[in-house]
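Structure at a glance
Each chain, letter by letter, is given below.
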Amino acid sequence: NHENAFLNPKARFFGKKVTLEMINKSPIVASPLRLFDCSIPANGASALVLSKDKSDVEIVGAAEETDYLAPFERDDMTSWDASKKAADEAYKQAGISPADVNVAELHDAFTSVELISYEDLGFCRKGEGKELIRKGITNLDGKLPVNTSGGLKAKGHPISATGISQVYELVKQMRGECNERQVDNVKYALAQNIGGAGSTVTVHILRKVG
């Protein structure tokens, strides 16, 4: 995510190099999470226009699900039902499977959340989220680029503006307007936004027309 934010003029870490050594040496916030495992607070705003008029990008799937507010009330701390249910409904509406998604913007308020989301959204089996990163699958040139904007982690997390900013990034990707961080052949894009530590999750799927 930091490598992607380095290329994004709208990101808080634009042009700022963050190394693995810096991450590993950063202060512990809440073990095992360190400072660089947490998204950076930022001020920001985002907007979009929804229209019935024909466009080059369509919303083909949209779902919202809820769960317990407190994570300790759930059966599993490493999987969020609201995310899984919202994804299943959005895929059903779009008529696609996780394998059809070409690029995704995920809610990575913490690094662990992104890994959990890989699994909950069906991009890999449970416990294998880390392999998507280790194998380069989520890189800009990988099979499934994730958080091309830099994500909340490195672009910044302005709370209420976050979800729409994800859609903004995906539309830019679908229109080939992302310059150095542009990915190839985007037909389907997925945005996942989380509120209340997983108590509310939205998943939107966009399709490039033509």
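Reference entry: report on the structure contained in this document.

The rules behind these values
- Every chain's residues receive numbers from 1 upward, in the order its sequence appears when written.
- With the structure being a predicted model, the display of local features is reserved for residues of pLDDT at least 70 and the display and counting of side-chain atom pairs for 80 or more, all residues being used for whole-chain, interface and lining totals.
- To obtain the side-chain values, all non-hydrogen atoms of the structure were included, while hydrogens and water were left out.
- Between any two strands, at least two bridges found by DSSP are needed for them to pair.
- Numbering of helices and strands runs from the N terminus; a helix is a DSSP stretch of H or I covering at least four residues, while a strand is a stretch of E covering at least two.
- Exposure categories follow from relative accessible area, calculated using a 1.4 Å probe and restricted to protein chains: below 20% of the type maximum is buried, above 50% is exposed, and the middle band is partly exposed.
- Any residue with relative accessible area above 30% and no salt bridge may belong to a patch, with like charges joined within 9 Å and the nonpolar Val, Leu, Ile, Met, Phe, Trp and Tyr side chains within 5 Å.
- Only the protein chains shown count as cover for residues, with accessible areas throughout obtained via the Shrake-Rupley method and a probe of 1.4 Å.
- Definition used for salt bridges: Asp or Glu carboxyl oxygen within 4 Å of a side-chain nitrogen of Lys or Arg.
- To form a nonpolar core, buried Ala, Val, Leu, Ile, Met, Phe, Trp, Tyr and Cys residues must be joined to one another through side-chain atoms within 4.5 Å.
- Residue contacts follow a heavy-atom distance rule, with two residues in contact if any of their heavy atoms lie within 4.5 Å.

With respect to the pairing of strand 6 (residues 200–208)
- Pairing between strand 3 (residues 57–66) and strand 6: nine bridges, direction antiparallel. Residue pairing for strand 6: Glu-65 is matched across the bridge by Val-201.
- In the sheet, strand 5 (residues 188–195) pairs with strand 6 via eight bridges, with the strands oriented antiparallel. If you follow Tyr-188 over to strand 6, its bridge partner there is Arg-207.
- In sequence, strand 5 turns back onto strand 6 through a hairpin of four residues, with Gly-196 there showing a positive phi of about 60°.

What about the pairing of strand 5?
- The buried fraction of strand 5 is high, at six of eight residues.
- One ladder, built from three bridges, connects strand 4 (residues 103–105) with strand 5; its direction is parallel. Considered in strand 5, the bridge of Ala-104 is made with Leu-190.

What about a nonpolar patch on the surface?
- Taken together, the side chains of Leu-48, Leu-50, Ile-59 and Ile-164 make up a nonpolar region of the molecular surface, amounting to roughly 370 Å² of accessible area.
- Assignment of secondary structure puts Leu-48 in the loop between strand 2 (33–34) and strand 3.

Quick look at the nonpolar core
- Core analysis: the biggest nonpolar cluster contains 27 residues, and Tyr-91, Val-101, Leu-121, Phe-123, Leu-190, Val-203 and Ile-205 have the highest contact counts within it.
- Put simply, the parts of the chain that give this core at least two residues each are strand 3, helix 3 (81–94), helix 4 (111–120), strand 5 and strand 6.
- Once residues lying within four places of it in the same chain are set aside, the contact partners of Leu-121 are Ser-83, Ala-87, Tyr-91, Pro-98, Leu-106, Leu-190, Gln-192 and Val-203.
- Core analysis: the second largest hydrophobic core is formed by 11 residues, Val-57, Val-171, Val-186 and Leu-206 among them.

Looking at the pattern of salt bridges
- Under the counting rule described, the total for this entry stands at nine salt bridges.
- A salt bridge links Glu-58 to Arg-207; its shortest N-O distance comes to 2.6 Å. Note that Glu-58 is positioned in strand 3 and Arg-207 in strand 6, a separation of 149 residues in sequence.
- When its relative accessible area of 32% is taken as the criterion, Glu-58 is described as partly exposed.
- The salt bridge partner of Lys-126 is Asp-76, with a shortest N-O separation of 3.2 Å. Taken together, the residues Lys-126 in the loop between helix 4 and helix 5 (129–134) and Asp-76 in the loop between strand 3 and helix 3 connect sequence positions 50 residues apart.
- Owing to a relative accessible area of 53%, Lys-126 belongs among the exposed residues under this scheme.
- For Asp-76, a relative accessible area of 29% gives the class partly exposed.

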